[in-house]
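# Structural overview for review
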Amino acid sequence: MNHDSEREIGGTESTSARYDRDIREECQSVRGALRTDLPAAHLGLAVTIIALLVVASFSGIRWTLIISAAFAAWFLLALAVIHLGSGRGWDAVRRAYIATFGWGNWI
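In this report, we go over the structure that sits alongside the text. (Residues numbered from 1 in each chain as written. Predicted model: local features only at pLDDT ≥ 70, side-chain atom pairs only at ≥ 80, totals over all residues. Heavy atoms only, no water.)

## Re helix H3 (residues 61–84)
Its 24 residues give H3 an end-to-end C-alpha distance of 34 Å, which sits within 8% of 34 Å, the value for a rise of 1.5 Å per residue. Within the span of H3, buried status applies to Thr64, Ala78 and Ile82. Contacts made by the buried residues of H3 are with helix H2 (38–59) and helix H4 (89–101). Remark: serine 86 follows H3 within two positions and exhibits a positive phi of approximately 85 degrees. (Helix = DSSP H or I, 4+ residues; strand = E, 2+ residues; numbered from the N terminus. Expected span 1.5 Å × (residues − 1). Buried < 20%, exposed > 50% of the residue type's maximum accessible area, 1.4 Å probe, protein only. Contact = heavy atoms within 4.5 Å.)

## Looking at the pattern of salt bridges
One pass over the structure, following the stated rule, counts four salt bridges. With its nearest N and O atoms 3.4 Å apart, the salt bridge here joins arginine 21 to aspartate 22. Taking relative accessible area as the criterion, aspartate 22 reaches 39% and is therefore assigned partly exposed. Across the pair arginine 21 and glutamate 25 runs a salt bridge whose closest N-O atoms are separated by 3.8 Å. Residue arginine 21 and its partner glutamate 25 are both found in helix H1 (residues 15–34); the two are separated by four residues, about one turn of the helix. Taking relative accessible area as the criterion, glutamate 25 reaches 43% and is therefore assigned partly exposed. (Salt bridge = Lys/Arg side-chain N within 4 Å of Asp/Glu carboxyl O.)

Following this line, the structure appears as structure tokens:
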């Protein structure tokens, strides 16, 4: 979105307008790269469960509970932040679930 006031006399974009356009494009590409969805979160949860089973078999229930508590705390923190940011109901739970386990997208 270039305004006439952002153009130089010769019809080329001003430095400020080019900078703003480049920043918008960069932010869009970063958002696209970090975007995740529900199937990726399911995969992240499955990998977490498998990792917890491996931890339980090698080091016992204590470390399994500590790691499980860390994931639960992260989920509750994400849920609280999303709820404060106007997320309500199942949408807030879904978004917190994706925030907690959405890293499965990069496996």
